[in-house]
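Secondary and tertiary structure notes
Here are the chains, one letter per residue:
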Amino acid sequence: MRFNEKELVFLSRQPSERAAELGMKGPKKGDVMKRRLVKLIVNFLFYFRTDEEEPIGALLLEQCRVEREDDLNFSIVFLDEAERKYVFECDSKEQCLEWIEAIIKASYEFMRKNLVFYRSEIQRLTGKDPLEQYGISDETRFQASSGLPPLPPPPT
Amino acid sequence: MKLNERSVAYYATCSSPPDKTGFLLKKGDRNPAYHRRWCVLKGNLLFYFEERESREPLGVIVLEGCTVELCDSESAEFAFAVRFECTRARVYKLAADGAVAMESWVKALSRASFDYMRLVVRELEYQLEEARQGATSPWAKGRGKRPLVHGGGERCGAGGGGGRGGAHPRPTLCVSRASAPVGLQGSLSQDPEVSEEGVLSLGNLGKENGVSWNKPLGLANGVGEVGVSGMVWEGELDDGDGEIPPPIPPRRKTPGGSLESPVSPGTGCFSKLHDWYGKEVAELRVEWLQSQ
C-alpha cells in the first residue's frame, strides 16, 4: 500500500505531544527490546534509533488497544492482529501510566467520541447545538453516527 | 520508513463509519494521467482504492500539514489539489465529477486534520465548562477558579496542538482557503474590541471538572496546562517568523446578551470579577483562621 512517506517523515519532525527514550520490542517472535526514541505526534507513534534523525517507522494509533503489561511496561496491539504486540518499557511507573493515557487519547476516533459527547451535553444543558455558530453542524465527522452506512465487509 | 500498513489498511475497511466516500479522479504518482479511484476519507486519512469493491486500498494520503485548494487543470474539470508544506513535497491532484462534489470534498479534506478535530474538541470542552458553570453555582466547583483566563502563554482558541513551529499551518475553523469565507472565518476574525475579559482561552479546564466519561478528559491532548505532569512541549507559541497568531474565538454571550455571569452580577468586567472572587477567598481565609 502506498503512503505519502516524505510528508510523514516531515510530520515526525514536528513538535510532539510526548517524546522519550523507551525500550521497544517489535511484534515478531525473534524481536528483542531495543532502546528507541519514541515520539507521539497526532495519531502516530514514530520511533527512531536514538542517534538518528529519520524515523525507523511509524505506527498509526487507530483501532488499537493499549494495555498495561506490568509496572514499567505497556503494549500496543492492533485489533486486526491481536496476537502481535508491540511492547514498550518505561523508566518509571508514572511514565508508563502517562504514556498509556497519552496513546489512548491520541486516536482520532477517541477525539471524535469526546466531541460527540460534548456536543450532546452542551445541547442538553443549553438547548443549542454548539457547532451551529461555526456552520459545521452537518459535517459528517461530527455526527453521533455518521450519515453514511458502514462499509460492507470485504469480500472473502 | 516502516508503517504498520496492514493495520492501516484494516482501519480503511473496518466497520467504523467513514467521513466521506466517493469516486474521484486522481492524478497518477508517475503517470500524468488521471485515474478513477474509489476514495474513503476516515479521520485524517484519505484512502484510495482501485475499485469500490477492492479489498485493500492502493494507497493512503495522511492529511496533516496540508492545504486544500481549487486548481485549474487542463486535463480535468472540478480539480483541486492537496498541497503539503515540506520541501519537494508532492501535490496530490484530484478532480470530482461536479461542482457540488468538488466543494464537498474540498471542505471535508480541509477539516480532516487531527489538529482541526482537536481544535473543535477543545472549543467544545470550553463551552461545556461554561454551560456547566451556568447550570450550577460556581462555588460548587473549585474555589477561586477563574472562568476567564488570560491567553498569554497558552494556546488561544484556534491554536494548533503543541504550538508547532512556523512550517506547520495553523488550523483554523474555516473552510478551504480557496472558497469565500463562510460563517466561521468571519466570526473568527480579530475582534477589535477584545480586552482582557474578551480573551478566552481554554486553559484551566481543571481536572476538577472531569467529564463523566471513562477517562479524565481534563487531560486531553494538547491542553495548555503546564502543570500536567510529564507533558513534553517542544514547540513555542511564538514561532518568531512574524506569523500572525491564530484568531481569538468570538466572545461568548449569555442568553441575556452580556458577559456577566448570571450568578455574580456586575462582574462583566474581568477586574470586577477578579475582585469578587478575591473577596470570597478573603472571607474564607478569615473563617478558617477563626476556626483555628
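Values in this document were obtained by computation on a predicted structure and should not be read as measured data.

Regarding its fold elements, chain B presents five helices and eight strands. Going from N to C terminus, chain B has its helices and strands arranged as β-α-β-β-β-β-β-β-β-α-α-α-α. Counting over 292 residues, chain B shows a buried share of 50%. A fraction of 57% describes how many contacts in chain B between residues 6 or more apart in sequence connect residues 24 or more apart. Accessible area for chain B stands at about 13900 Å²; split by element, carbon and sulfur atoms hold 51% of it.

Each helix and strand in chain A was counted, giving three helices and eight strands. Mapped from its N terminus to its C terminus, chain A presents α and β elements in the order β-α-β-β-β-β-β-β-β-α-α. Here chain A holds 156 residues, and 53% of them are scored as buried. A separation of at least 24 residues holds for 41% of the contacts in chain A among residues at least 6 apart in sequence. When the accessible surface of chain A is summed, it comes to about 7200 Å², and 49% of that surface belongs to carbon and sulfur atoms.

Let's shift gears to the pattern of salt bridges. Evaluated as defined, the whole model comprises 23 salt bridges over all chains. Measuring nitrogen to oxygen at the nearest pair gives 3.3 Å for the salt bridge that ties Glu98 of chain A to Arg18 of chain A. Of the two residues, Glu98 of chain A is situated in helix H2 (residues 93-105) and Arg18 of chain A in strand S2 (residues 18-25); the sequence distance between them amounts to 80 residues. Note that Glu101 of chain A is salt-bridged to Lys105 of chain A, the shortest N-O span being 2.6 Å. Of this pair, Glu101 of chain A and Lys105 of chain A both sit in helix H2, four residues apart, roughly one helical turn. Overlapping salt bridges, with partners in common, bring together Glu109, Arg112, Glu139 and Arg141 of chain A together with Asp19 and Arg111 of chain B in one network.

Pairing is mixed across the open sheet formed by eight strands, whose spatial order is S1(A)-S5(B)-S4(B)-S3(B)-S2(B)-S8(B)-S7(B)-S6(B). Either end of the sheet is taken by a strand with one partner, and the two such strands are strand S1 (2-3) of chain A together with strand S6 (66-70) of chain B. By the bridge criterion, two bridges tie strand S2 (residues 20-27) of chain B to strand S8 (residues 91-95) of chain B in an arrangement that is antiparallel. Bridging from a neighbouring strand, Leu25 of chain B pairs with Ala95 of chain B of S8 of chain B.

Bringing the nonpolar core into the picture now. Core analysis: the largest hydrophobic core is formed by 39 residues, its most contacted members being Leu8, Phe44, Phe46 and Phe142 of chain A together with Leu45 and Phe47 of chain B. The element that contributes the greatest number of residues to this core is helix H3 (residues 114-135) of chain B, accounting for seven residues.

With that settled, the discussion passes to the sheet that holds S2 of chain A. The eight strands lie next to each other as S6(A)-S7(A)-S8(A)-S2(A)-S3(A)-S4(A)-S5(A)-S1(B), forming an open sheet whose pairing is mixed. Taken across any chain shown, the strands that pair with only one partner, and hence form the sheet edges, are strand S6 (64-68) of chain A together with strand S1 (2-3) of chain B. Summarising the sheet, strand S7 (residues 73-78) of chain A and strand S8 (residues 85-89) of chain A pair through five bridges and their orientation is antiparallel. Directly across from Asn73 of chain A, in S8 of chain A, lies its bridge partner Glu89 of chain A. Where helix H1 (residues 5-12) of chain A meets the sheet, it contacts strand S3 (34-41) and strand S4 (44-49) of chain A together with S1 of chain B, and its direction lies at approximately 80 degrees from that of S4 of chain A. Its contacts with the sheet put H2 of chain A on S2, S3, S4, S6 and S7 of chain A, and the angle it makes with S2 of chain A is roughly 100 degrees.

Residue and element names in this part refer to chain A. A complete count under the given rule lists zero disulfides over all chains for this structure. Its sulfur unpaired, Cys90 is 4.4 Å from the next cysteine sulfur, which belongs to Cys96. The buried category is assigned to Cys90, whose relative accessible area is 3%.

A word on H1 of chain A. Along H1 of chain A, six of the eight residues are buried, which leaves the element largely enclosed by surrounding structure. Listing the buried residues of H1 of chain A in full gives Glu7, Leu8, Val9, Phe10, Leu11 and Ser12 of chain A.

What follows deals with the side chain of Asp129 of chain A. Mapped onto the elements, Asp129 of chain A comes out in the segment after helix H3 (108-126). At 3.0 Å, the side chain of Asp129 of chain A forms a polar contact with the backbone nitrogen of Leu131 of chain A.

On to the confidence of the model for chain A. Summary statistics for chain A give a mean pLDDT of 91 and a share of 92% for residues scoring 70 or more. For chain A, H3 of chain A is the element with the lowest average pLDDT, namely 93, and S4 of chain A is the one with the highest, namely 98.

Turning next to the packing of aromatic side chains. All names here are of chain B. Tallied over the full model, the rule gives nine aromatic pairs over all chains. Measuring from ring centre to ring centre gives 6.3 Å for Tyr11 and Phe47, while their planes differ by 70 degrees; the resulting arrangement is edge-to-face. Here Tyr11, found in helix H1 (residues 5-13), pairs with Phe47, found in strand S4 (residues 45-49); they are 36 residues apart in sequence, far enough to count as distant. Aromatic pair Phe84 and Tyr92: ring centres 6.0 Å apart, planes at 75 degrees, arrangement edge-to-face. When its relative accessible area of 5% is taken as the criterion, Tyr92 is described as buried. A cation over a ring is seen here: Lys20 above Trp105, with NZ or CZ 5.2 Å from the ring centre. Over the ring of Tyr48 we find Lys26, and its NZ or CZ is 4.3 Å from the ring centre.

Cut-offs and rules
- Along each chain, numbering runs from 1 in the same order as the chain's sequence is written.
- Written order determines the labels here, with chains lettered from A and ligands numbered from 1.
- Whole-chain, interface and lining totals are the exception, using all residues; otherwise, since this is a predicted model, local features are given only for residues with pLDDT of at least 70 and side-chain atom pairs are given and counted only at 80 or more.
- Side-chain numbers here rest on the full set of heavy atoms in the structure, without hydrogens or water.
- Under the DSSP-based scheme used, a helix requires at least four consecutive residues in state H or I and a strand at least two consecutive residues in state E, with every element numbered from the N terminus.
- Classification of residues uses two cut-offs on accessible area relative to the type maximum, computed with a 1.4 Å probe and protein chains only: under 20% is buried, over 50% is exposed, and between them is partly exposed.
- Note on contacts: a residue pair qualifies if any of its non-hydrogen atoms lie within 4.5 Å across the two residues.
- In this description, accessible areas are obtained by the Shrake-Rupley approach with a 1.4 Å probe, and a residue is regarded as covered only by the protein chains that are shown.
- Just to be clear on terms, a salt bridge is a Lys or Arg side-chain nitrogen sitting within 4 Å of an Asp or Glu carboxyl oxygen.
- Should DSSP find at least two bridges between two strands, the strands are regarded as paired.
- To qualify as a nonpolar core, a set must consist of buried Ala, Val, Leu, Ile, Met, Phe, Trp, Tyr and Cys residues joined through side-chain atoms within 4.5 Å.
- An axis is simply a line fitted to the C-alpha atoms; with a helix, the fit covers only the stretch in contact. Between two such axes, the angle follows the N-to-C directions and lies from 0 to 180 degrees.
- Throughout, disulfides are identified as pairs of cysteine sulfur atoms within 2.5 Å of each other.
- Side-chain atoms alone can form a polar contact between residues adjacent in sequence; in general such a contact is a pair of N or O atoms within 3.5 Å, and within protein one must be able to donate a hydrogen while the other accepts it.
- Every residue carries a pLDDT, the predictor's confidence in it, which falls somewhere between 0 and 100.
- Classification of ring pairs rests on two measures: the distance between centres of Phe, Tyr or Trp rings, Trp counted by its six-membered ring, which must be within 6.5 Å, and the angle between planes, read as stacked under 30 degrees, edge-to-face over 60 and tilted in between.
- Remark: a charge is flagged as sitting over a ring if the NZ atom of Lys or the CZ atom of Arg is within 6 Å of the ring centre and within 35 degrees of the ring normal.

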